[in-house]
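Geometric and topological summary
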Amino acid sequence: MSLVLVIGNKAYSSWSLRPWLLMSELGLDFDEILIPLDRADTRERITRHSPSGKVPCLLIEDLSVWDTLAIMETLAERFPEAGVWPADADARAVARSVSAEMHSGFTALRSACPMNLRKRFAFRDWGGSDGAADVARIQAIWADCRSRFGAGGPFLFGTFSAADAMYAPVVARLDRYCWEVTPETRAYMNAVLALPSFQRWTAQGVEEPWILAHDEVDAPAL
Ligand SMILES: N[C@@H](CCC(=O)N[C@@H](CS)C(=O)NCC(=O)O)C(=O)O
């Protein structure tokens, strides 16, 4: 089965990172097509593959699957042995809940702290009280998953799963915008940041020539 993942800039495209990281960490064999965002031909190039005009989009032979959670669910169905979701049914239900919560939420954090893998910023009041509430909720989610389901490894459900891939860009944001977090949160973040595929993605993003002005916050980088 040929798999091609269509993605945006590695330095900035947080949605693209999620399925790329999942597929890489699970050892699925895939090719990628990288389409730089915010250029004159971006929309035309993306819509050749993705009817929504957004990335990521997964091409399975001639079939196009778009939107991050749909891609992950399709991978779970097509590769049932790969471990996209936790094996235990209760853990799997919670993994889907926290992934859906990520997919639809945390807009204050996401807009105040766009993913930017080239920069690091001293903490400031990113996103005001809404940003702080997002980060508190995220830390509560991670603590709950780790304490109830995380005994088998350093990730939310022990071994790496789609839930960790969904939160990987949040890990990058908390790290690079220097949010103060609990030691438990930091330990989880370190496990994600140390993933070989996360490091590979970051190194490739740093080398990209493109700057996306709307993802560059107005603050001096450290
Ligand atoms: N709900 C979508 C969101 C995808 C999305 O917003 N992708 C951005 C890049 S991170 C995009 O394709 N933007 C198109 C553009 O800027 O032209 C998903 O989960 O995949």
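Use the structure listed above.
Before going into details, it helps to say that this report is about the structure given with it.

Cut-offs used in this document
Within each chain, residue numbers correspond to sequence positions counted from 1 in written order. Totals for whole chains, interfaces and linings use every residue, but because this is a predicted model, local features are given only for residues with pLDDT of at least 70 and side-chain atom pairs only at 80 or more, for both listing and counting. Processing note: side-chain calculations cover all non-hydrogen atoms of the structure and skip hydrogens and water entirely. By convention in these notes, a residue is near a molecule or strand provided one of its non-hydrogen atoms lies within 4 Å of it. Nitrogen and oxygen atoms within 3.5 Å of one another constitute a polar contact, given that in protein one can donate a hydrogen and the other can accept it, and given that sequence-neighbouring residues count only through two side-chain atoms. Areas reported as accessible are Shrake-Rupley estimates using a 1.4 Å probe. Residue values count occlusion only from the protein chains shown. Any two strands between which DSSP finds at least two bridges are classified as paired. In this description a helix means any DSSP run of H or I spanning at least four residues, a strand means any run of E spanning at least two, and both kinds are numbered starting from the N terminus. Lines are fitted to the C-alpha atoms to define the axes, a helix being fitted only along its stretch in contact, and any angle between axes, read from their N-to-C directions, falls within 0 to 180 degrees. In what follows, a contact means two residues having at least one pair of non-hydrogen atoms within 4.5 Å. Given a helix with a known number of residues, its expected span is that number minus one, times 1.5 Å. Partly exposed describes any residue whose relative accessible area lies between the buried limit of under 20% and the exposed limit of over 50%, with all areas from a 1.4 Å probe on protein chains only and scaled to the type maximum. The directions from the helix axis to the C-beta atoms form the arc being described. The criterion is simple. A nonpolar core is a set of buried Ala, Val, Leu, Ile, Met, Phe, Trp, Tyr and Cys residues joined through side-chain atoms within 4.5 Å. A domain assignment, automatic or from a database, supplies the domain bounds used here.

1. Here's the deal with the site of the ligand
In the region of the ligand, the neighbouring residues are Ser13, Trp15, Leu37, Gly53, Lys54, Val55, Pro56, Asp67, Thr68 and His103. Contact between the ligand and Val55: a nitrogen atom at 2.8 Å from a main-chain N or O atom of the residue. Within the side chain of Asp67, an N or O atom sits 3.1 Å from an oxygen atom of the ligand. If the ligand stood free it would expose 510 Å²; the protein chains cover 76% of that surface.

2. Re the sheet that holds strand 2 (residues 31-34)
Taking strand neighbours across the sheet as the criterion, the four strands line up as 2-1-3-4 in an open arrangement whose pairing is mixed. The two strands at the open ends of the sheet, each matched to only one other strand, are strand 2 and strand 4 (63-66). Averaged over all pairs of adjacent strands, the angle between their axes in this sheet comes to 20°, without regard to strand direction. Packed on one face of the sheet, helix 3 (residues 68-78) meets strand 3 (57-60) and strand 4 and runs near 125° to strand 4.

3. Let's talk about helix 4 (residues 89-104)
Look at helix 4: 23 Å from first C-alpha to last across 16 residues, which is about the 22 Å you get at 1.5 Å a residue. Within helix 4 the residues assigned to the buried category are Ala91, Val94, Ala95, Val98, Ser99 and Met102. Mapping the buried residues of helix 4 onto a view down its axis gives an arc of 135°, with all of them on the same face. Facing away from the buried side of helix 4 by over 90 degrees, the exposed positions are Asp90 and Ser104. In this structure, the buried residues of helix 4 make contact with helix 1 (14-25), helix 3, helix 5 (107-112), helix 6 (128-149) and helix 7 (162-176). Looking at where helix 4 begins, the residue whose side-chain oxygen comes 3.1 Å from the main-chain nitrogen of Asp90 is Asp88. Of the residues trailing helix 4, Phe106 is marked for its positive phi of about 60°.

4. Some points on the nonpolar core
Core analysis: the largest hydrophobic core is formed by 66 residues, its most contacted members being Leu22, Leu58, Trp126, Trp142, Phe157 and Tyr167. With ten residues, helix 7 is the single largest residue contributor to this core. Both domain 1 (3-78) and domain 2 (89-205) contribute no fewer than three residues apiece to this core. Those residues in contact with Trp142 that sit more than four places away from it in its chain are Leu156, Tyr167, Val170, Val171, Leu174, Thr185, Tyr188 and Met189. Grouped together as the second largest cluster of nonpolar side chains are eleven residues, Val4, Ile46, Val55 and Leu212 included.

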